[in-house]
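Chain residues, written in single-letter form:
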Amino acid sequence: MRDLQFDNRFVRELPADPEAGRNVRQVHGACYSRVEPTPVRAARLLAWSSEVADLLGLEESDILAPGFAEVFGGNALLPGMEPYAACYGGHQFGNWAGQLGDGRAITLGETINAHGQRWELQLKGAGPTPYSRRADGRAVLRSSIREFICSEAMHHLGVPTTRALSLVGTGEDVIRDMFYDGHARPEPGAIVCRVAPSFIRFGSFEIFAARGEEPLLQQLIDFTIDRDFPELVHAEPDPGQRRVRWFEEVCRRTALMVAHWMRVGFVHGVMNTDNMSILGLTIDYGPYGWIDDFDPDWTPNTTDASGRRYRFGNQPHIAHWNLWQLANAIHPVVQDSAALERGLAIYAQTQEAEYRRMMQAKLGLAQWRPGEAGDDALLARLLRLLKAGEVDMTIFFRRLADIDPAVPTLDLLEDAFYDPARRAAVEPELLGWLREHGARVCAEALPAGPRQAGMNRANPLYVARNYLAQQAIDAAEAGDLSELQALHDVLRRPYDEQPGCERFAARRPEWARNRAGCSMLSCSS
């Protein structure tokens, strides 16, 4: 572990907060504040990702050594680590919130692996920083398990995401009011080590634009391009055009990420601009959720329950709105409104094209026939029926590959329905849809084997359903980590049949319909 090589360009090349200490303050003229993790009572390794360890060049012996939990629980630093908390702002639920920053996340440093790849190591829940406002900088076990599980599950689903190296228990309780209803209680604390090439986000640029700190805004833009988008440096010698190309690339990556969310049924839950990665990675796993019964109006976030701004079906629009805020922020440096508008148009075009491509794969079609009389209408009708019939999204699409297109029936969809009455109401029309879809498939005459294999590569069998995560949390809080390990393992191969793991592919049980953690969640963690 001590062989990790650090090249901390963010702290080396960008201005630091001249003031030291953890005291909460407004930080001007700086991209970060130097701050070390606050030690914990009893750091203990609870879970780790072998794939992320491999990325970093860590061996199993490194992970299981006593010193690992000490470093990744915040009690010790390795040579070369230069911890800091980043300064940024953001729009939260559509309103400018001013300075936010890393209130409980502390970056340890940027390590370079044997392949020359840069990986930033960040501890979430490592204690207070100058950006903690009224909070304690800690995180509870339940939210840390959810972040650890989902980060890795999303990667194995093929969704752009930050990663998670480890989950460390702190041996300390954290006081949290889970539903902000005056019933605070102690919960076990934990720390996740998040891993990504960069944790720079839209809000990193917004804060300097809002404050009129244009030289620093330009410095951060050019630093981000040079470090995180080196292909643009080589392709475009003109700095002005390079910034335009950079924004276009951010738009493309964001579009691809959101299209993947819609493909697998993921709802971020809190798509504030400070939670949007400049690399187009899914970042900041808080009150996220997974669609069980298909409902484009569903949001897992209790804070968003009234307006449902961040509901499942609205995510493509919100990503566009967030990019618009980024465009406004960088305009003082780019100074080309038309170019920024073209970037926003690239987002819309890319998102639509990627979504269609992915839905084509989910439906097992060789070609997509656009238009109201084509596959757009076919898909729209299906989604309407899935919602009306309260049909499980993951189970329906996965089983679709096994339905005989020549003689379609609902037999294989028996356990995809949540409500018998709603099933009965849509059954005739859904069967008609299956026949129309089957006729499309038969007309294309794709061999059944390759078609089914392609559909199964687009339609996961296992996803990180909320109730599965909650079961792992309940067991872990009782001292049993076996459920967490079992869930983590099965989600490493989400598209493959895994004998003996059928319970992880089951629809949400009725007891979980309205249970906390299984249906709605808060931002409290």
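Check the entry above for the structure.
Remember, predicted model here, so these are calculated numbers, not experimental data.

### A few points about the overall build of the protein
Each helix and strand in the protein was counted, giving 17 helices and twelve strands. Across its three principal directions, the C-alpha atoms of the protein cover 70 × 55 × 45 Å. Out of the 525 residues in the protein, the part that is buried amounts to 59%. Partitioning the contacts of the protein with sequence separation of at least 6, the portion at a separation of at least 24 is 73%. Accessible surface, the protein: about 19,900 Å² in total, of which carbon and sulfur atoms supply 51%. Looking at charge distribution, the protein has the averaged site of its 56 positive side-chain charges lying 2 Å from that of its 70 negative ones.

### Considering the layout of surface pockets
Of the volumes computed, that of the second largest pocket is approximately 300 Å³. Looking at the lining of the second largest pocket element by element, the count peaks at four residues for helix H13 (residues 393-400). Here the lining of the second largest pocket is built from residues that sort into seven nonpolar, three polar and seven charged.

### What to know about the pairing of strand E6 (residues 95-99)
Examined bridge by bridge, strand E5 (residues 89-92) and E6 share three bridges and lie antiparallel to one another. In the sheet register, His91 faces E6, and the bridge partner there is Trp96. Hairpin connection, E5 to E6: the antiparallel pair is bridged by two residues, and Phe93 has positive phi, about 55°.

### Digging into empty space enclosed by the protein
Taken as a whole and judged by the stated rule, the model has six cavities of 30 Å³ or more. When its volume is computed, the largest cavity comes out at roughly 120 Å³. Lining of the largest cavity is provided by 16 residues; of these, Phe10, Ala86, Phe199, Ile200 and Ser204 occupy positions nearest its centre.

### Here we look at the packing of helix H10 (residues 315-334) against helix H11 (residues 337-363)
Packing of H10 against H11 brings their axes to within 10 Å, and their N-to-C directions diverge by 160°. When the interaxial angle is binned, H10 and H11 end up roughly antiparallel. Crossing of H10 against H11: the hand is right-handed. Facing Pro316, Ala319, His320, Leu323, Trp324, Ala327, Ile330, His331 and Val334 of H10, the residues of H11 in contact are Ser337, Leu340, Leu344, Tyr347 and Gln351. Looking at side-chain class alone, the contact of H10 with H11 contains ten nonpolar, four polar and no charged residues.

### Topic: H13
Taken across its eight residues, H13 has seven buried, putting it largely inside the fold. Residues of H13 that are buried include every one of Met393, Thr394, Ile395, Phe396, Phe397, Arg398 and Leu400, and no others. On the buried face of H13, the contacting elements are helix H9 (239-264), H11, helix H12 (375-388), helix H14 (420-444) and helix H15 (448-458). The N-cap residue of H13 is Asp392: its side-chain oxygen and the backbone nitrogen of Thr394 are 3.1 Å apart.

### Comments concerning the environment of Ala196
In this structure, Ala196 sits in strand E10 (residues 185-196). The sequence separation of Ala196 and Arg22 amounts to 174 residues, and the corresponding C-alpha distance is 25 Å. Beyond its immediate sequence surroundings of up to four residues, Ala196 is in contact with Arg118, Trp119, Glu120, Thr162 and Leu281.

### Here we look at the packing of aromatic side chains
On inspection of all chains with the given rule, the structure shows 18 aromatic pairs. Ring centres 6.5 Å apart and planes at 85° place the aromatic pair Phe229 and Trp246 in the edge-to-face group. On the criterion of sequence distance, the pair formed by Phe229 in the loop between helix H7 (214-228) and helix H8 (230-235) and Trp246 in helix H9 is long-range, its members being 17 residues apart. With respect to class, Phe229 is no different from Trp246; both count as buried. Between the aromatic rings of Trp261 and Phe266, the centroid separation amounts to 5.5 Å while the plane-to-plane angle is 65°, which identifies the pairing as edge-to-face. Neither residue differs from the other here; Trp261 and Phe266 are each classed as buried.

### Side note on the environment of Glu236
One can find Glu236 in the loop between H8 and H9. Relative accessible area serves as the criterion here: at 16%, Glu236 is assigned to the buried category. Between the alpha carbons of Glu236 and Pro447 there is a distance of 45 Å; along the sequence they are 211 residues apart. In contact with Glu236, not counting residues within four places along its chain, are Gln241, Arg242 and Arg245. Reaching out from Glu236, the side chain makes a polar contact with the backbone nitrogen of Asp238 at a distance of 3.1 Å.

### Concerning helix H6 (residues 202-210)
Within H6, seven of the nine residues are buried, which leaves it mostly tucked inside the rest of the structure. Phi turns positive, to about 70°, at Gly212, one or two residues after H6.

### Description of the nonpolar core
In this structure, Phe72, Leu165, Leu167, Phe205, Trp246, Trp290 and Phe396 are the most contacted members of the largest nonpolar core, which totals 159 residues. In terms of residues, this core owes the most to one element, H9, which gives eleven residues. What Trp246 contacts, discounting residues up to four positions off in sequence, is Phe205, Ile221, Thr224, Ile225, Phe229, Leu232, Ile278 and Ile330.

What counts, and where the lines are drawn
Residues numbered from 1 in each chain as written. Predicted model: local features only at pLDDT ≥ 70, side-chain atom pairs only at ≥ 80, totals over all residues. Heavy atoms only, no water. Helix = DSSP H or I, 4+ residues; strand = E, 2+ residues; numbered from the N terminus. Buried < 20%, exposed > 50% of the residue type's maximum accessible area, 1.4 Å probe, protein only. Contact = heavy atoms within 4.5 Å. Areas by Shrake-Rupley, 256 points an atom, 1.4 Å probe, with all protein chains shown as cover. Lys, Arg positive; Asp, Glu negative; His and termini not counted. Charge placed at Lys NZ, Arg CZ, Asp CG, Glu CD. 1 Å grid on protein atoms, 1.4 Å probe; cavity = no way out; pocket = protein on both sides within 12 Å on 5 of 7 lines; lining within 4 Å. Points joined across faces, edges and corners; volume = space filled by probe spheres on them. Nonpolar A, V, L, I, M, F, W, Y, C, P; charged D, E, K, R; others polar. Pairing = 2+ DSSP bridges. Axes fitted to C-alpha atoms, helices over the stretch in contact; angles between N-to-C directions. Parallel < 35°, antiparallel > 145°, perpendicular 65-115°, else oblique. Left-handed = near helix turned anticlockwise from the far one by under 90°. Polar contact = N/O pair within 3.5 Å; in protein donor to acceptor, adjacent residues only side chain to side chain. Phe/Tyr/Trp six-rings, centres within 6.5 Å; stacked < 30°, edge-to-face > 60°. Core = buried A, V, L, I, M, F, W, Y, C linked by side-chain atoms within 4.5 Å.

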